[in-house]
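# Descriptive structure summary
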Amino acid sequence: QNEVIFMATGPDATSLEMLDNSLVSAASVKLRQNVLLLADSLETCEGIPSQPCYWSSRILANPPSDTMTTRKFWDWRFKFYFIKKLYIARLVLAGFGVLQIDTDTVWQHDPFPMIRLMAAKSSIVVMRDMGLVNAGIIFARPGSPAAQRILDDVAWRVQLMQNHPEVIPRLVPFAAKLQPPYYGNSDDQSLLNDVITSAVLHNATFLGSTARYEAKNKYNSNPNAPVWDSLSESKLQIQQQRQLHRKSQSAHVQIPWVGGKSVRYTILPISGDDSVALAPRALFAHLPYSEANAITHLTAARGFKAKVRQLKSINKWNPAGLGSPAPHAAAPARDSPILAHKEAMAEELLLRLSRGGRRQQLGLLRSLDELAAPSLLIPKFEMHLLLH
């Protein structure tokens, strides 16, 4: 049904081990074949030969600007914030339903039957969290222009904060009195919360993701930063949160894996016939784990060791299980006839992909997956995503 599960991984051993565990978990509900994996580099992809894997030339190799965020928190996760959100938007625009999900997750039931029920009313279904939503689990399908703008806007805001922190005084008036470096928050979750708020209220806001972080907080070391609660922006954000709550609506959906039991959830209208749905716990859950929930996200377990302890406690730590990658096989020589044959097939598939209808594209992408070992194919597929 043109549904893709979009995961990303870094190159370090702990990230790859967590990825393996998530792939095993997805395989347990027969969904591993839907996983599209984005890695930080060709070399990382080559170390995961059993899973279709792609990399992007747009992934950041180094901090693109000097901010407190890049100074304090820069790691491979920040390299992915923009590219993940960009590719969600591009894949949805190409006709796919995309479930973007972090790898520190446990799959207990196939979530798609329930997602499809909710997607009848909402183009975007996202995990709830304190504040509003969690960017670790997002489903998006082709829908209204308002929904597509949300996906585009998140990607745009991430790259704006990463590449051009000098724009912050234009967005946050009190920041004009501060000396760089600015805090420059580029975390995709807080930016997503502001984008959704902007879409629902039809009024662009940067208060929760940008203004609040330029004020004094435990990470902001600027001695001249003002106290957030003393600012008019703080009061305006509270007003926006109240307006958002007033516009929210209740809906009900059946839980297919518990005999059709109905559960209530919240939708946030973004246009006359579309909305953002805040997924009920039965679909996307935080800890504690329950077998009644389709997917559990281990956000509350901080750090790799804590996540592994949690997974072991529920007997869900199995990175060497069914989905474990096989030992890496040597890539064909650059002048080998095998490589030449595969590249010729890839060229043909890419041509058909560019000409085919949406129903044909998923099958063609899977055929490309089987040819993904040649290094030259990956940038060609990258170009296809960028240009289409």
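Presented here is an overview of the structure given in this document. (Residues numbered from 1 in each chain as written. Predicted model: local features only at pLDDT ≥ 70, side-chain atom pairs only at ≥ 80, totals over all residues. Heavy atoms only, no water.)

## Let's talk about the overall build of the chain
Each helix and strand counted, the chain has 14 helices and 12 strands in total. Residue burial in the chain is summarised as follows: out of 388 residues, 55% are buried. With the model as given, the accessible surface of the chain reaches about 17800 Å², and the carbon-plus-sulfur share is 53%. (Helix = DSSP H or I, 4+ residues; strand = E, 2+ residues; numbered from the N terminus. Buried < 20%, exposed > 50% of the residue type's maximum accessible area, 1.4 Å probe, protein only. Areas by Shrake-Rupley, 256 points an atom, 1.4 Å probe, with all protein chains shown as cover.)

## A word on the packing of helix H8 (residues 188-201) against helix H10 (residues 232-247)
One way to put it is that H8 packs onto H10 with a least axis distance of 10 Å and a crossing angle of 60°. The handedness of the crossing between H8 and H10 is left-handed. Touching Thr197, Val200 and Leu201 of H8 are Gln240, Gln243, Leu244 and Lys247, all from H10. (Axes fitted to C-alpha atoms, helices over the stretch in contact; angles between N-to-C directions. Left-handed = near helix turned anticlockwise from the far one by under 90°. Contact = heavy atoms within 4.5 Å.)

## With respect to the nonpolar core
Grouped together as the largest cluster of nonpolar side chains are 60 residues, with contacts concentrated most on Leu38, Ile124, Leu192, Ile196 and Ile270. Here this core gets 11 residues from one element, more than from any other, and that element is helix H4 (residues 76-93). The contacts of isoleucine 196, once residues within four sequence positions are left out, are Leu132, Val133, Leu268 and Val276. (Core = buried A, V, L, I, M, F, W, Y, C linked by side-chain atoms within 4.5 Å.)

## Some words on the pairing of strand E2 (residues 35-39)
Burial analysis of E2 places five of its five residues in the buried class, the great majority of the element. Here E2 shows a buried face lined by Val35, Leu37 and Ala39 and a second buried face lined by Leu36 and Leu38. With five bridges joining them, strand E1 (residues 3-9) and E2 adopt parallel strand pairing. Residue pairing across strands places isoleucine 5 opposite valine 35, the latter belonging to E2. Each parallel crossover has a hand, and for E1 linked through helix H1 (residues 13-28) to E2 it is right-handed. Across three bridges, the pairing between E2 and strand E3 (residues 53-55) is parallel. Bridge pairing in E3 links alanine 39 to tryptophan 55. (Pairing = 2+ DSSP bridges. Right-handed = clockwise from strand over helix to strand, strands pointing away.)

## Looking at the packing of aromatic side chains
Evaluated as defined, the whole model comprises six aromatic pairs. Across from the ring centre of phenylalanine 206, 3.9 Å away, lies the NZ or CZ of arginine 157, which sits over that ring. (Phe/Tyr/Trp six-rings, centres within 6.5 Å; stacked < 30°, edge-to-face > 60°. Lys NZ or Arg CZ within 6 Å of the ring centre and 35° of its normal.)

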